[in-house]
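In case you want the letters, here they are:
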Amino acid sequence: MARFVVRRLVGMVLVLFAVSVLTFLIFNVIPNGDPAVRMAGKNSTPAQIEQIRKEWHFDESLPQQYLFMMKQIFTGKLVSYSDQTNVWEQIRMGLPRTFALGIGAAILWMTLGILLGLYSAVKAGRISDRVLTVLALIGISMPVFWVGALMNYYLGYKLEWFPNGGYVEISEGGIGEWLYHLILPWTALAILFIGVYSRILRSNILDTINDDYVRTARAKGISERRVMTRHVLRNSLIPIVTLWGLDFGLVIAGGAVLTESVFDLQGVGQYFAEAIGRLDVPPVMAVTLLGAVFIVVLNTVVDIVYAVLDPRIRLG
Amino acid sequence: MSEPILEIDHLQVEFRTDEGVVHAVDDVSLTLAAGEVLAIVGESGSGKTVTAMSLLGLNRSPNATFRGSARYRGTQLLTASEDELRAIRGAEMAMIFQDPMTSLNPVQRIGDQIAEQILAHEKLTKAEVRDRVVELMDRVGIPRAAERARAYPHEFSGGMRQRVMIALALSCSPSVLIADEPTTALDVTIQAQILERLKELKDETGTAIILVTHDLGVVADIADRIAVMYGGRIVEEGTVDEIFYDPQHPYTWGLLGSITRVDRDRGERLPSIAGLPPSLLAPPEGCHFRARCPHEFERCGQGPPLEDRGAGHPDRCWLTVEQKRARRVVDDGEIGLAAKVAVEASPEGLVDRRETPPGAPSRVAGDAGAAEDARVAEEDR
Amino acid sequence: MASTDSAATDFSDDLPAELAAEERRAPAGTGPWRIALRRLRRNKVALAFGVLFLALVAVSLAAPIWAEEVAHTTPYQNRIADTITIDGEERNIVEFDGVPIGPTWHGEYFLGADRNGRDVMVRLLYGGRNSLLIGIGASIITMVLATLLGLLSGYFGGWLDWVISRCFDVMWAFPVILLGVALGVSLNISGITIGPLELESGSLWIPTVIIGIAYVVYLARPIRGQVLALREKEFVEAARAQGMGPWRIMLTELLPNLASTLLVFFPLIVANAILLEAALSFLGAGVQPPEPSWGLMISEGIEFLTSAPHLTIAPGIMLVLTVLALNIFGEGVRDALDPRAKIRLEH
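Computed from a prediction, not measured in an experiment: that's the story for all the values here.

Draft legend 1. Spotlight on the environment of V270(C). Residues and elements named next belong to chain C. Inspection of the secondary structure assignment puts V270 in helix α11 (residues 246-282). Note on V270: relative accessible area 2%, which makes it buried. Along the sequence, V270 and L124 sit 146 residues apart, while their C-alpha atoms lie 19 Å from each other. Beyond its immediate stretch of four places on either side in the chain, V270 contacts G135, I136, S139 and L326.

Draft legend 2. The arrangement of the interface of chain C and chain A in detail. Each partner contributes residues to the interface: chain C has 50 residues there, and chain A has 53 residues. Here chain C packs against chain A, burying approximately 4400 Å² in sum over the two surfaces, 76% of which is carbon and sulfur. Put simply, chain C and chain A have 1 salt bridge between them. Counting across the chain C and chain A interface gives 4 residue pairs in polar contact (both at pLDDT 80 or more). Elements with a minimum of two residues in the side of chain C that touches chain A: α6 (158-173), α7 (176-190), α11, α12 (294-302) and α13 (310-337) of chain C.

Draft legend 3. Inspection of the pattern of salt bridges at higher detail. In total, this model carries 40 salt bridges over all chains according to the counting rule given. Among the salt bridges present, the one from R312(A) reaches D310(A), with a minimum N-O distance of 2.9 Å. Classification of R312(A) by relative accessible area gives partly exposed; the value is 44%. D310(A) gets classed as buried once you look at its relative accessible area, which sits at 5%. A salt bridge links R292(B) to E43(B); the shortest N-O distance between them is 3.0 Å. Of this pair, R292(B) sits in the loop between α9 (250-256) and β11 (307-308) while E43(B) sits in the loop between β3 (37-41) and α1 (48-56), placing them 249 residues apart in sequence. Among the charged side chains, a network of salt bridges with common partners joins R199(A), E331(C), R334(C) and D335(C).

Draft legend 4. Representation of the interface of chain A and chain B within the structure. The partner chain B presents 23 residues to the 21 residues of chain A that form the contact. Between chain A and chain B, a total of about 2000 Å² is buried, with carbon and sulfur atoms accounting for 57% of that surface. Considering only the surface of chain A that becomes buried against chain B, R215(A), K220(A) and P311(A) emerge as the three largest contributors, covering 31% of it. There are 2 salt bridges connecting chain A and chain B. The partner of E116(B) in a salt bridge is K220(A), and the shortest N-O contact between them spans 2.8 Å. When residues of the side of chain A that touches chain B are traced back to their parent elements, those giving at least two are α9 (212-219) and α10 (224-255) of chain A. Take the side of chain A that touches chain B: its biggest share by element is 7 residues, from α10(A). Broken down by class, the residue content of the side of chain A that touches chain B amounts to 6 nonpolar, 5 polar and 10 charged.

Draft legend 5. Region of the structure containing the domain arrangement of chain A. Residue and element names in this part refer to chain A. When its domains are assigned, chain A resolves into domain 1 (2-74) and domain 2 (93-310). One C-alpha centre belongs to domain 1, the other to domain 2, and the line joining them spans 34 Å. Note on domain 1 versus domain 2: buried area summed over both sides is about 1400 Å², and carbon and sulfur give 85% of it. For the interface between domain 1 and domain 2, the tally reads 1 salt bridge. For R8, the salt bridge goes to D303, with nearest N and O atoms at 2.4 Å. Here domain 1 is connected to domain 2 by 2 residue pairs in polar contact (both at pLDDT 80 or more). Looking at the side of domain 1 that touches domain 2, the element that brings in the most residues is helix α1 (residues 2-29), giving 10 residues.

Draft legend 6. Expanded view of the environment of L149(C). Residues and elements named next belong to chain C. Within the secondary structure layout, L149 lies in helix α5 (residues 120-156). The spacing of L149 and F304 is 155 residues in sequence and 45 Å in space, taken between C-alpha atoms. If sequence neighbours within four positions are ignored, L149 has contacts with I164, F168 and V216.

Reading guide: rules and limits
Residues numbered from 1 in each chain as written. Chains lettered and ligands numbered in written order. Predicted model: local features only at pLDDT ≥ 70, side-chain atom pairs only at ≥ 80, totals over all residues. Heavy atoms only, no water. Helix = DSSP H or I, 4+ residues; strand = E, 2+ residues; numbered from the N terminus. Buried < 20%, exposed > 50% of the residue type's maximum accessible area, 1.4 Å probe, protein only. Contact = heavy atoms within 4.5 Å. Buried area = accessible area lost by both parts, 1.4 Å probe. Salt bridge = Lys/Arg side-chain N within 4 Å of Asp/Glu carboxyl O. Polar contact = N/O pair within 3.5 Å; in protein donor to acceptor, adjacent residues only side chain to side chain. Nonpolar A, V, L, I, M, F, W, Y, C, P; charged D, E, K, R; others polar. Domains from an automatic or database assignment.

Right, dumping it as structure tokens:
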């Protein structure tokens, strides 16, 4: 176990290093214009531009520039090119919103995914299963920003059942307002995953139900309910739980950018989207790295959980 | 022989599939007395496993139809409710399955899997259950049982897993034990050990056993009676001696020619019956074995009933006892089925040598010598 | 968690093992491809949606015909200050408050106009071409790269496997959409030239290549796993013993065995690639205006959702129909060829 942790930690650091270098290179090797010129504005003199170039270390070599940026990231002094705000402060404001969106949606899609998948498997082949299958497939075929926009328009703007986007802090509007503003974003983000999870669980259950050990369990004379919960469902859920961890990581790491933008939640994803629109490299670097950290950490957590749930898996 | 505890009467099982209706079991009648060992022998697809599973209702599905009757001590198993069946499963009738590698839940501890069955039928404290589990595992020959009960299936070898399955089956002292190909998935040496253990346990507990297998070799030492199944039907039924020394059905002759031998590698075993079993989707008219039988004649187009034709036990072949005794191939005192080619070459139908050499058995698996070898072999490891 | 398991293909539904064996034996001599085809042919729903997808492709290909013969315009022509006559009534294509005309259900402006006075129906058809082109092109790139990397990594092992696997780890850790957006935005500013490969800014190749690369790791990992398993099989050993070179073994022995996996995943990858294209275009990192694509049209339409919902709804419905058709057809192909194959894609 200790060896596993050490190996994983080393691997994680190396992967994150590679991610940071790659992201840095995307903006410094692909020609995208001179950031100093952009920052100086239209009516600037060459001297002013030169000044900015010095100040922001744009005149140094690429490795030096990279080191300078990483130093700023780790000291929390990273500053946006476009509005000179501190990137970490911006992220710190957006992160709770992204988490609120991601955690709520993850709970919603896991719960509904399991319920619908189980129901579908139990009713396999019947009309209700077919209807759910079609709905699930439609769910995984819809772009989240499109669904979100339509929900916002019809349920928010036209019917006025829900607020038209925006995020309300619990400290400002209380838990009721907070929930009220998040219901649509949660639903929009969860739809795709509900479709995916219910399909996977359904097929896992239908595979497992024909497994020999389920027959053994039935031959023991235990109740059908116990056969289903202790043997079929428990074994079918193992892959779902691991998938859940990975998907949650991806949602936090930028997967929610579309939902955040459509509902104007001002989370980290939206911060990223707005920064990239201005070619503002520091926030893009920081959010990408943070996202990679989430993915890598959750991958490791998932591996450990997997090994706990399934004794055949060994951590290596 | 005592009163039968299990009576199967004209059992018919059909499955509806996309391709059509599969007639898996066709008019099977069998009885089992307390403490008796009945072997059901046949190739895969002969309906033997379906028969066994039908007794416990393990193959019930909306696509399955069961007709006839199967009574266990007065309970009609075919129509019993799930609750009634549940009370019988594991407690009265227990089953050992073919593949020990897949028959245990991979993510549950061995001990818990056995305990689950005990707790389903008996009110015991945790400690009592734990003691029972360890005792059972000990009894089937699992070393360090107390420690191994906490292990997971993947930490066991195939033979050890089958011992676990036996321990599981015996955990509530059932009256009937159904063993479905209990040794097929195992190495030959392990097969002998498992059979030996089953036999000892039968003698200790007096449990009646239905042993389902494709291999006549494994039943010789343990069974009292043998029912040979082919294409969903019983084609011959008799005591071990009757089947081994006076087999009446040509299919039985073929099976006798393909007995597993402990002293040969698997690779050396030759399939001695040419051709494939009939499709159960559209079973042939008349005798199901007709297409593969070297002795087929016109009358075989009508199904021969299962009756005693003078040999002292029933079979499903139109040939007279005298014809049968003359036609079955006897080679070095052993019986086999002549290959079809050979018969065509000799129109009189009397064949005295085999064209295809099936592995002729000199002794069968499970005999004392083989088991001894195996035990020594294991101790060496 | 992307995983494939094509080793065990269970042919039985609810049948006991004994009968399953029976059924398996029945079509003796029938190749696995023929069995799969037979099963697919029985799956009428999947076939119907396969046909729907082809119809959508055909309709998109026919875009110039509609544009020239029916709508008499191009996807780029602005008629912001023009009027058209519908049922004898003269109407502004774009009202003075900026609200474009809705569906006329006539040849011209069949589905109405956008805020620049462009014909939505014509843009929808041309946008479909772009979306499909990018989706299919990207999937082909994914297939080729993933197969190549999976084969190299799985077959040769050693340091090559180590290097490729570590690259996969890095790709795996990258948030797909962030990577796509970052690349898309930078590349679209002034394009890039890598050796003989030249990507101009605004080229459709940019989103195609980005999506193609972003999905490689999801497919390459399961392929590598399959190659690792195949490598130990007797027929590969035999080929090696016959003195066959590694490249020939990969081409003649391994590739045919990967074919069913690739075939199963292709429609599903195309479906996801089309969705990712829409997402990138929505964020301004995919197809660049004035070129149309469904994602871009939705993105342009959302601003005017309250006054002109048809701008958002029409491309969305086309997108959903296309992706749905691919998903249902893809599931049919999977059920026919390899019911246990699983893949995980993000978009």
